[in-house]
Amino acid sequence: MARLRFRVEGEGPKVVLLNGIFQRLESWDPVVPLLKAYTLLRYDMRGQGESETPEGPYTPEVHAQDLLTLLGELGWEETTLVGLSNGGIVAVQAALLAPKRFRSLILCCTTPYLDAALRAKVEGWLHALRAGGTPLRLRVALPWVFGARFLNQHPELLTEEGLALLVAQAPEEKAQERLLLGFLALEDLRPRLPHLHLPALVLYGEEDLLFPRPYAEALAKGLGARLKALPTGHAAPLEDPAAFAQAVREFLEEVYA
């Protein structure tokens, strides 16, 4: 396992927060105060934040094995996984590898498969990264990552100053490429989903252009999961942390009742 930076806080049932593809554990800062009834583990996956950046690519299965190793070292069992975007894929992959280790799944703005449309979007990010580094990759990605409502409320994200802040938070460019190549290696998980018998909630953003509702519907159908919309784009926990946290709390209250 790569050396992973992680943070544990709070008291109560154990919940793991899994980052989106280029996020750091700090991206959950707006949500953590809203989930005070739980012990929360958040961490930088390999290639993210301050975790190690070994040779890649970083496929969902590689990330899932890292997670299982980390949970084993911490002695965590009966855990709920809350995954955003690529983190949701990692959560599903980990549950498929070790279903008895987990209590439930909350999967937000994610997908169980790649199709031509989604591959084209993400390969566009990869080409932008190779052509113009992180600044160009961000220019290309921002309209896919954030909903129209959020971008219109925060036009400063599109300024040079706003982009500079995002560049500073991004992984190094070699790590970004390994993360993207790993995502693009995703196998179709839909045939395996019915074998998982865990309570699951699937959330999607009404303005999510990257992974719109049909991907969430496929995931919910395969898992027999509840499906719920959020008034956001793809980065739901950042765009509307209150709505995201409320959906998570309501589901967890049922799971741990």
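Further up the page is the structure itself.
**Notes on the overall build of the protein chain**
When its secondary structure is counted, the protein chain shows nine helices and seven strands. For 257 residues, the compact-globule formula gives about 18 Å, and the C-alpha radius of gyration of the protein chain, at 17 Å, lands near that figure. Viewed in the frame of its principal axes, the protein chain has a C-alpha envelope of about 50 × 40 × 35 Å. Sequence-distant contacts in the protein chain: of pairs separated by 6 or more residues, those separated by 24 or more amount to 78%. When the accessible surface of the protein chain is summed, it comes to about 10,800 Å², and 54% of that surface belongs to carbon and sulfur atoms. Computing the positive centroid from 26 side-chain charges and the negative centroid from 32, the protein chain places the two 3 Å apart.

**Focus: the side chain of Thr110**
Take Thr110: it is sitting in the loop between strand 5 (102-108) and helix 3 (116-145). Since its relative accessible area comes to 3%, Thr110 is described here as buried. Engagement of the side chain of Thr110 in a polar contact is seen with the backbone nitrogen of Ile89, the distance being 3.5 Å. Leaving out residues up to four positions away in the same chain, Thr110 has contacts with Ser85, Gly88, Ile89, Phe211, Tyr215, Ala216 and Leu219.

**Focus: the packing of helix 3 against helix 6 (residues 173-184)**
Running from amino to carboxyl end, helix 3 crosses helix 6 at an angle of 175°, the nearest separation of the two axes being 10 Å. With respect to their mutual orientation, helix 3 and helix 6 come out roughly antiparallel. Of the residues in helix 6, those touching helix 3 at Leu118, Arg119, Val122, Glu123, Trp125, Leu126, Leu129, Arg130, Gly133, Thr134 and Arg137 are Glu173, Gln176, Glu177, Leu180, Leu181, Phe183 and Leu184. Each residue belonging to the contact of helix 3 with helix 6 can be placed in one class, and the counts come to nine nonpolar, three polar and six charged.

**Regarding helix 3**
Three or four residues apart is the spacing at which side chains of an α-helix point the same way, because the helix has 3.6 residues per turn. Look at helix 3: only 18 Å from first C-alpha to last across 30 residues, short of the 44 Å you get at 1.5 Å a residue. Most pronounced at Gly132, the bend in helix 3 amounts to some 140°, and the proline Pro135 follows within four residues.

**Considerations on the sheet that holds strand 1 (residues 6-9)**
On the basis of which strands lie adjacent, the open sheet formed by seven strands has the order 1-3-2-4-5-6-7 and mixed pairing. Bordering the open sheet on either side are strand 1 and strand 7 (226-230), each of which pairs with just one other strand. Within the sheet, the average angular offset between the axes of one strand and its neighbour, ignoring direction, is 20°. Sheet topology places strand 2 (residues 14-18) next to strand 3 (residues 39-43); four bridges connect them, and they run parallel. Across the sheet, the residue bridging to Leu17 is Arg42, located in strand 3.

**Some details on the packing of aromatic side chains**
Think of a pair of aromatic rings as described by two things: how far the centres are apart, and how the planes are tilted against each other in angle. On inspection of all chains with the given rule, the structure shows seven aromatic pairs. Site record: aromatic cluster; members linked through ring pairs are Tyr113, Phe183, Phe211 and Tyr215. Across the ring face of Trp76, the terminal group of Lys14 is positioned such that the distance to the ring centre comes to 5.7 Å. Positioned above the aromatic ring of Tyr113 is the side chain of Arg190, whose terminal nitrogen or guanidinium carbon lies 3.7 Å from the ring centre.

**Points about unusual backbone geometry**
Cis geometry is found at the peptide bond from Gly56 to Pro57, where omega equals 0°. Following the sequence through the fold, Pro57 ends up in the loop between strand 3 and helix 1 (60-74). The backbone of Glu78 sits at a positive phi, close to 50°, despite the residue not being glycine. Within the element layout of this structure, Glu78 appears in the loop between helix 1 and strand 4 (79-84). Of the residues examined, Glu78 reaches a relative accessible area of 41% and is grouped as partly exposed. One non-glycine residue, Ser85, adopts positive backbone phi at about 55°.

**A look at the side chain of Gln93**
Assignment of secondary structure puts Gln93 in helix 2 (residues 86-97). The buried category is assigned to Gln93, whose relative accessible area is 7%. Excluding residues that lie within four positions of it along the chain, Gln93 makes contacts with Pro60, Glu61, Ala64, Leu189 and Arg192.

Here is what the cut-offs are and how they apply
Residues numbered from 1 in each chain as written. Predicted model: local features only at pLDDT ≥ 70, side-chain atom pairs only at ≥ 80, totals over all residues. Heavy atoms only, no water. Helix = DSSP H or I, 4+ residues; strand = E, 2+ residues; numbered from the N terminus. Rg over C-alpha atoms; globule rule 2.2 N^0.38 Å. Contact = heavy atoms within 4.5 Å. Areas by Shrake-Rupley, 256 points an atom, 1.4 Å probe, with all protein chains shown as cover. Lys, Arg positive; Asp, Glu negative; His and termini not counted. Charge placed at Lys NZ, Arg CZ, Asp CG, Glu CD. Buried < 20%, exposed > 50% of the residue type's maximum accessible area, 1.4 Å probe, protein only. Polar contact = N/O pair within 3.5 Å; in protein donor to acceptor, adjacent residues only side chain to side chain. Axes fitted to C-alpha atoms, helices over the stretch in contact; angles between N-to-C directions. Parallel < 35°, antiparallel > 145°, perpendicular 65-115°, else oblique. Nonpolar A, V, L, I, M, F, W, Y, C, P; charged D, E, K, R; others polar. Expected span 1.5 Å × (residues − 1). Bend = angle between axes of the 7 residues up to and from the residue. Pairing = 2+ DSSP bridges. Phe/Tyr/Trp six-rings, centres within 6.5 Å; stacked < 30°, edge-to-face > 60°. Lys NZ or Arg CZ within 6 Å of the ring centre and 35° of its normal.

All quantities given are derived from atomic positions and should not be read as evidence of function.
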